[in-house]
Amino acid sequence: MPHRDAAAWPWVRARLLNRLRKQGGPAPEAGAVVRVAVVTDSAAALPADWIAGLSGGGRLTVIPMPVMVGDEIYGEGDDDISEAIALALASGTSVKTSRPSPGQFEQAYLAAQRTGYEAVVSVHISGGLSGTADAARLAAGRVGIPVEVVDSGTVGMALGMAVQEAVRVAGEGADSGAVAAAAAGQAARTKVYFYVPSLEQLRRGGRIGTAASLWGTMLAIKPILGVDGGKIVPLEKVRSAVRAVARLEELVAADASARTAAGVRLAVHHFGSPGEAERLAERLAAALPQCPPAQISSLPAVLAAHAGLGVLAVIVGSDLVAD
């Protein structure tokens, strides 16, 4: 197993701390040696400023997931990707996604090895929705550094919260087994609720079955969806968009209220509807005064490509330090 000797580790730690201080990211626990690097994919919807505070020291690497709009291929972070997806969806142009290549993961794992980490924990979008975790496993078999791949079974900031927990535990000096277990545990404690005006894009991408997609075209039914067992599942059938959003709020409030003893985190995602997302977050804040304000963000391109315009999603998770 590649490693640095004891004399080298203080130098590595000092360099990481210096970079983290400059970039504003969470520093390792005092006295802890960070032995495990964390890798994830852009479906995690992590805040850009939070990522910036970690990526410089190699503690976290986010692999961009490709999106194909017509004949053009974009990567998460391209300046015009959201506009390109929105225009394509509105015009009926094909929008597809793909998993990152095993080579991208291999490069990330080797970079962690060169930096001096002892192991990598690679936490990814549900295997029921993407082949990303499979690509990570292929890459893991090609490198000398030990890699544990975690299929989070979820998406968006539900995955992001699992990644944040992995980074936190790694910052305490934990080994890869503990870091992987922390990520998996956080993912299991997190729920995804969302509403989309149309199920057609999810059907085209194979993320829901044809039978479920018929709900959106019959009797003006507007389903509320969730993620369960790593796949998108229908939760309830509602007969109007207004009622669907109201019911989404009710489900989130009931879930969050049941978690107050452990602490709650909320995130609101949207694509093309920032005003609706802000109003939804405000109503949730009024209904759940005991909870911190929800983080609001646009869906990552790889998820927006499947959910379509007008999606509203709420992530409900336990606090990072809650048991």
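Check the entry above for the structure.
Sequence order as written defines the numbering, with residues in each chain counted from 1. Local features in this predicted model are restricted to residues of pLDDT 70 or higher, and side-chain atom pairs are both shown and tallied only at a pLDDT of 80 or more, whereas totals for entire chains, interfaces and linings draw on every residue. Values reported for side chains reflect all heavy atoms of the structure, with hydrogen atoms and water molecules removed beforehand.

(A) Expanded view of the overall build of the protein. Helix and strand counts for the protein stand at twelve helices and 13 strands. Accessible area is worked out with a 1.4 Å probe on protein chains only. A residue is then buried under 20% of its type maximum, exposed over 50%, and partly exposed in between. Taking all 323 residues of the protein together, the buried fraction comes to 52%. Here a residue-residue contact requires only that any non-hydrogen atoms of the pair lie within 4.5 Å. Partitioning the intrachain contacts of the protein with sequence separation of at least 6 by distance along the chain shows that 75% fall at a separation of at least 24. Residue exposure ignores everything except the shown protein chains as possible cover, and the areas themselves are Shrake-Rupley values with a 1.4 Å probe. When the accessible surface of the protein is summed, it comes to about 13,600 Å², and 53% of that surface belongs to carbon and sulfur atoms. Counting from the N terminus, the helices are the DSSP runs of H or I reaching at least four residues and the strands are the DSSP runs of E reaching at least two.

(B) Quick peek at the packing of helix 4 (residues 102-115) against helix 5 (residues 132-140). Put simply, helix 4 and helix 5 touch, their axes get as near as 8 Å, and they point 55 degrees apart. Overall, the two elements helix 4 and helix 5 adopt an arrangement that is oblique. Handedness of the helix 4/helix 5 crossing: right-handed. Judged by residue contacts, P102, F105, E106 and Y109 of helix 4 engage T132, A135, A136, L138, A139 and A140 from helix 5. Interaxial angles span 0 to 180 degrees and are taken between N-to-C directions of axes, which are lines fitted to C-alpha atoms, for helices over the stretch in contact. Comment on the angle field: the value is read as roughly parallel under 35 degrees, roughly antiparallel over 145, roughly perpendicular from 65 to 115, and oblique elsewhere. Should the near helix be turned counterclockwise from the far one by less than a right angle, the crossing is left-handed, whereas a clockwise turn marks it as right-handed.

(C) Structural detail: unusual backbone geometry. In this structure, A45 is a non-glycine residue whose phi angle is positive, near 55 degrees. Structurally, A45 is set in the loop between strand 1 (36-41) and helix 2 (48-55). Among the residues examined, A45 registers a relative accessible area of 10% and is labelled buried.

(D) Geometry of the sheet that holds strand 12 (residues 295-298). Read across the open sheet, the six strands follow the order 10-9-8-13-11-12; overall the sheet is mixed. What marks the edges here is a single partner per strand, and that holds for strand 10 (231-238) and strand 12. Pairs of neighbouring strands in the sheet enclose a mean axial angle of 20 degrees, with direction left out of account. By this definition, two strands are paired if DSSP reports at least two bridges between them. In this structure, strand 9 (residues 222-228) lies alongside strand 10, joined through seven bridges in antiparallel fashion. Bridging from a neighbouring strand, I224 pairs with E236 of strand 10.

(E) Main features of the pattern of salt bridges. Take a side-chain nitrogen of Lys or Arg and a carboxyl oxygen of Asp or Glu: if they are within 4 Å of each other, that pair is a salt bridge. For the coordinates displayed, the defined rule picks out eleven salt bridges. Note that E106 and R142 form a salt bridge whose closest N and O atoms lie 3.4 Å from each other. With a gap of 36 residues between them, E106 in helix 4 and R142 in the loop between helix 5 and strand 7 (147-151) connect regions that are remote in the sequence. Overall, the relative accessible area of 21% leaves E106 in the partly exposed class. As a salt-bridge pair, D134 and R137 come within 2.9 Å of each other at their nearest N and O atoms. Residue D134 and its partner R137 are both found in helix 5; the two are separated by three residues, about one turn of the helix. Overall, the relative accessible area of 43% leaves D134 in the partly exposed class. Residue R137 is classed as partly exposed on the basis of its relative accessible area, which comes to 39%. Salt bridges here are not isolated pairs; linked through shared partners, they connect E236, R243, R247 and E250.

(F) Just the side chain of S152, in detail. Tracing the chain through its elements places S152 in the loop between strand 7 and helix 6 (156-171). According to the relative accessible area criterion, S152 is buried, its value standing at 10%. By the criterion applied in these results, polar contacts are pairs of N or O atoms within 3.5 Å in which, for protein atoms, one can donate a hydrogen and the other can accept it, and in which residues neighboring in sequence qualify only through two side-chain atoms. From its side chain, S152 meets the backbone oxygen of H124 in a polar contact 2.7 Å long. Of the polar contacts made by the side chain of S152, one reaches the backbone nitrogen of T154; its length is 3.2 Å.

(G) Just the sheet that holds strand 7, in detail. With respect to topology, four strands assemble into an open sheet ordered 2-1-6-7, the strand pairing being parallel. In this open sheet, the two strands that pair with only one neighbour each are strand 2 (60-63) and strand 7. On average, adjacent strands in this sheet sit at an angle of 20 degrees to one another, irrespective of strand direction. Summarising the sheet, strand 1 and strand 2 pair through four bridges and their orientation is parallel. Note on strand 2: the bridge partner recorded for T40 is V62. Helix 4 contacts strand 1, strand 2, strand 6 (119-124) and strand 7 of the sheet and is inclined by roughly 145 degrees relative to strand 6. On the sheet, helix 5 packs against strand 1, strand 6 and strand 7 and is oriented at approximately 170 degrees with respect to strand 7.

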